[in-house]
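# Survey of secondary and tertiary structure
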Amino acid sequence: MGSKKNKAELRELEMTVLQIQRRWGPKALRRLEASTAGIEIPHIPTGFDKLDKALGIGGIPRSRITEILGPITSGKTTIALKIIAYAQDRKDIAAYIDLSRTLDPDYAFRCGVDLRKLLIVQPDSGREALAIANSLVSSRGLAAIVFDSVSSLLGETSSPQLMSEALRQLTGPLADSACALIFLTSLCFGGPCGISIPRGGPCVTDITQGGPSSKDNYLSGFALSHYASVRLLVGREKWIKRYGDITGYRAEVTVVKNKLAPAGKRVSVSITFNGTVKGNGT
Amino acid sequence: MALKNTSPKIACIIVPHFAVAVERRENDSLVGKPVVVGGMPYEEGRVYDISEEAAMSGVKKEIPLRQAEELCPEAIFLRLAEDKYLRAFEELLGVLQSFSPEVETGGLGKAYLEVNGLKALYGNDIRLCRSIGLTVQERTQLEAMLGLASNKFVACVAACSAGLNKALIVKPGRETRFLEHLPISVLPMSEEMRRRLLLLGIKTMGEFASLPTQAVVAQFGREGGLAYRLACGQDERKVIPWHKELSLEASKEFDSPIENMDILLETAKELAGSLIGQLHASFRMCQKLMLSLHFDNGKSKELSIAFHEPTSNQEKIELNIVQLLGSFEYPCGVGGVSISFRGICSENGRQLDLFLGQGGINGNLDQALNHLVFKYGSDRLYQALLVDRQALLPEKRFVLAEYEAKG
């Protein structure tokens, strides 16, 4: 009885769709999957197979902003360096805006980055860093730019306004280029950032709720979370030990926001640093 | 005053066995001996040129070198030096251009010269031919055969019939009579057409020219019609002037023989840099790069690379220099190095990319970086340089060097 009713409803729906399409044209109504199927979005692989799958498009998108956030030693920089290494595959140049002055060239080299094709920028202030990022994006000559880190803007006066203004200016030239702009944001356990990451993995709801109480704590305001097409939340799960020695760690990556594919997916990646840094999606 | 309608006058100059003649010019001991140019008999190559003596033993052009040795074991085999022959031929063409600017190349060792209106300068045709022959011999040390006629084909046949250091002049109107006793093999035609003509009993050009035109065209088509006109002494082809290929050259002699590859490479790059500067200044590009090394034992070696498309890109040229220097064998120290760019052409010939190429993208980036250095100072942009990969402390392995603005 119920199936008959469903069939009748479906038939009615089809008839309605046909009537609309006859009157307003075939493009008036169409299925979402059919319209997006087969379109490959320019992207850069992250180097972690599972994460690439979780992102839906095979990596992080070019011409868009990606934010990687997570606490200290969670794997943000490693993921960013891996992305740079893949971005350099086609002999392209990448830039690392080292606002926090923490880039270790040796570690970058071990992550597979070609240092001859890496431009390291060490600006004096956040405003300068954002202006340089704007110039580099506008040049359209870079494959990827990593901004390390948004947390270093904390000391700046009115950093949310600064970030909001800079991102508004960046999105236009970025859309015209083939550059992937990656912002790294450090979160602290009850530190100045004030966002609580419970032990045993990052909590998505804590940073995505975006209530007025957390705005003051979220240093760049909501601008970055608004402009970013992809947001990845990284958290260290556990250390990987071998015969009592730490050889790496497992990190959990959650796709908090994704404008190009369904968000909310969560994968584990293991980062080992025995001589050369290797990462595997598990 | 009405202009006098004069028939064109074309001279054909042929240096037989040009490559051998050039080799003999440099080495007198080769004179009178069978010579085969193309490589050593044990090599997998083909015969490029032969001397008259080798030809008498049955050696022909384009046969394998091994076969050439079997036919003429006493022959002297020489390696192929095509660039040398081309240079010598250019030298010959340069000499001919001193008579008339309208010189056309007809292959290595053969040239046509438009000699209309030279009577006032050189006198009659005999004096003109004598003057050309003597000048060629004096200035190039090469022996040539000369033919003078009203068109290219007859002039060429006349030159071939003249003999070394001699000239044959075919007066206007006498072309048919000059050609009539010559065999049809002189005419450009396919083997099939020649075979059919011989089957018809036509052996000379006179016999061929006596056939009705329509019948020849009906039987042999367009090819037959062209051969027929030539057999009748008619050739409308004009002399197409040849222009000397522009080239740039730079060389450096060392005070003492160099054995250090880095110094050699730097010197070669420096020489190339000056030539590239000249190319850029004149909005030109080059098609071929030639690098020659003069060794301390008095010998010289030359290698060349032809680019896929004309270029004036410094990076590309330097990369090829590195490749060429790596291809040389170094029996001893290098006393001198010279670089030359051949096939200089205008930049207009370059096909522009539809999309912005990597060069353009990098250009934009360089411009942006220069702007940033200018605005914020050079202590903002860095590049990591490897200092000591084996250093125990990771921070000692790399250093951050300030970015150097380009341009």
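Now for a description of the structure that goes with this document. Small disclaimer: the values here were computed from a predicted structure and weren't measured.

### Here we look at the overall build of chain A
A count of helical and extended segments in chain A gives ten helices and eleven strands. At a minimum sequence separation of 6, the contacts of chain A that also span at least 24 residues come to 69%.

### Overview of the pairing of strand β4 (residues 93-98) of chain A
All names here are of chain A. By the criterion of burial, β4 is predominantly enclosed, with six of the six residues buried. Burial along β4 is two-sided: the face carrying I93, A95 and I97 and the face carrying A94, Y96 and D98 are both buried. Here four bridges tie β4 to strand β5 (residues 118-121), and the two strands are oriented parallel to one another. Opposite A94, over in β5, you have L118 as the bridge partner. In the classification by handedness, the crossover that spans β4, the intervening helix α5 (residues 105-110) and the parallel β5 is right-handed.

### Focus: the pairing of strand β9 (residues 245-258) of chain A
Two faces, one strand: in a regular strand the side chains alternate between the faces of the sheet. Residues and elements named next belong to chain A. The sheet contact formed by strand β8 (residues 230-242) and β9 spans twelve bridges and is antiparallel. Within β9, the position partnered with R236 by the bridge is A251. Linking β8 back to β9 in an antiparallel pair, the connection comprises two residues, with Y243 at a positive phi of about 50 degrees.

### Quick word on the interface of chain A and chain B
Contacts between the two partners involve 20 residues from chain A and, on the opposite side, 18 residues from chain B. Those elements that place two or more of their residues in the side of chain A that touches chain B are α5, β5 and α6 (126-139) of chain A. Here the side of chain A that touches chain B takes six residues from α6(A), the largest share from any one element. Considering only residue class, the side of chain A that touches chain B consists of eleven nonpolar, five polar and four charged. In terms of strand pairing, β5(A) meets strand β14 (residues 381-386) of chain B through two bridges, oriented antiparallel. Looking at the pairing, A:I120 lines up with B:Y382 of β14(B).

### So, the sheet that holds strand β3 (residues 49-50) of chain B
Residue and element names in this part refer to chain B. If you trace the three strands from one edge of the open sheet to the other, you get β3-β2-β4, paired in mixed fashion. The open sheet has two edge strands, β3 and β4 (76-78), and neither has a second partner. Relative to β3, strand β2 (residues 35-37) runs antiparallel, the two sharing two bridges. Along β3, the bridge assignment pairs V37 with D49. In the packing of helix α1 (residues 18-26) onto the sheet, the strands contacted are β2, β3 and β4, and the crossing angle to β2 comes to about 110 degrees.

### Some remarks on unusual backbone geometry
Put simply, A:D148 and A:S149 share a cis peptide bond, and its omega is -5 degrees. Secondary-structure assignment places A:S149 in the loop between β6 (142-148) and α7 (159-176). With a phi close to 50 degrees, A:Y243 is a non-glycine residue in the positive phi region. Relative to the helices and strands, A:Y243 is located in the loop between β8 and β9. In the Ramachandran plot, B:H17 falls in the positive-phi region, its phi being about 50 degrees despite a non-glycine side chain. Looking at the element boundaries, B:H17 is found in the loop between β1 (10-14) and α1.

### Brief notes about the nonpolar core
Taken as a class, soluble globular proteins show a tendency for nonpolar side chains to be buried jointly. Ranked by internal contacts, the top residues of the largest apolar core, which has 80 residues, are A:I83, A:I84, A:I97, A:A144, A:I145 and A:I182. If you tally residues by element for this core, the top one is helix α4 (residues 76-87) of chain A, at eight residues. Each residue touching A:I83, except ones within four places of it in the same chain, is listed here: A:I44, A:T46, A:I60, A:A144, A:A180 and A:I182. The next biggest cluster of nonpolar side chains, apart from the first, holds 72 residues, and it includes B:A11, B:I50, B:Y112 and B:V115.

### With respect to the sheet that holds β1(B)
Residues and elements named next belong to chain B. Across the sheet, five strands lie side by side as β5-β6-β1-β7-β8; this open sheet has mixed pairing. Edge strands, defined here as strands with exactly one partner in the open sheet, are β5 (103-105) and β8 (167-169). The average undirected angle you get between the axes of adjacent strands in this sheet is 15 degrees.

### Notes on the packing of α6(A) against α7(A)
Residue and element names in this part refer to chain A. Where α6 meets α7, the axes come as close as 9 Å, and the angle between the chain directions of the two elements is 5 degrees. Overall, the two elements α6 and α7 adopt an arrangement that is roughly parallel. Contacts from G126, R127, L130, A133, N134, V137 and S138 in α6 reach S159, L162, A166, Q169, L170, P173 and L174 in α7. Here the contact of α6 with α7 is built from residues that sort into eight nonpolar, five polar and one charged.

### Concerning the packing of helix α4 (residues 82-97) of chain B against helix α6 (residues 125-140) of chain B
All names here are of chain B. Following both chains from N to C, one finds α4 and α6 inclined at 140 degrees, their axes separated by 10 Å at the closest point. By the angle between their axes, α4 is oblique relative to α6. For the pair α4 and α6, the crossing hand works out as right-handed. Touching E91, L92 and V95 of α4 are T135, V136, R139 and T140, all from α6.

Calculation notes
- Residues numbered from 1 in each chain as written.
- Chains lettered and ligands numbered in written order.
- Predicted model: local features only at pLDDT ≥ 70, side-chain atom pairs only at ≥ 80, totals over all residues.
- Helix = DSSP H or I, 4+ residues; strand = E, 2+ residues; numbered from the N terminus.
- Contact = placed C-beta atoms within 7 Å.
- Buried ≥ 20, exposed ≤ 12 C-beta atoms within 10 Å, placed from the backbone.
- Pairing = 2+ DSSP bridges.
- Right-handed = clockwise from strand over helix to strand, strands pointing away.
- Nonpolar A, V, L, I, M, F, W, Y, C, P; charged D, E, K, R; others polar.
- Axes fitted to C-alpha atoms, helices over the stretch in contact; angles between N-to-C directions.
- Core = buried A, V, L, I, M, F, W, Y, C linked by C-beta atoms within 7 Å.
- Parallel < 35°, antiparallel > 145°, perpendicular 65-115°, else oblique.
- Left-handed = near helix turned anticlockwise from the far one by under 90°.

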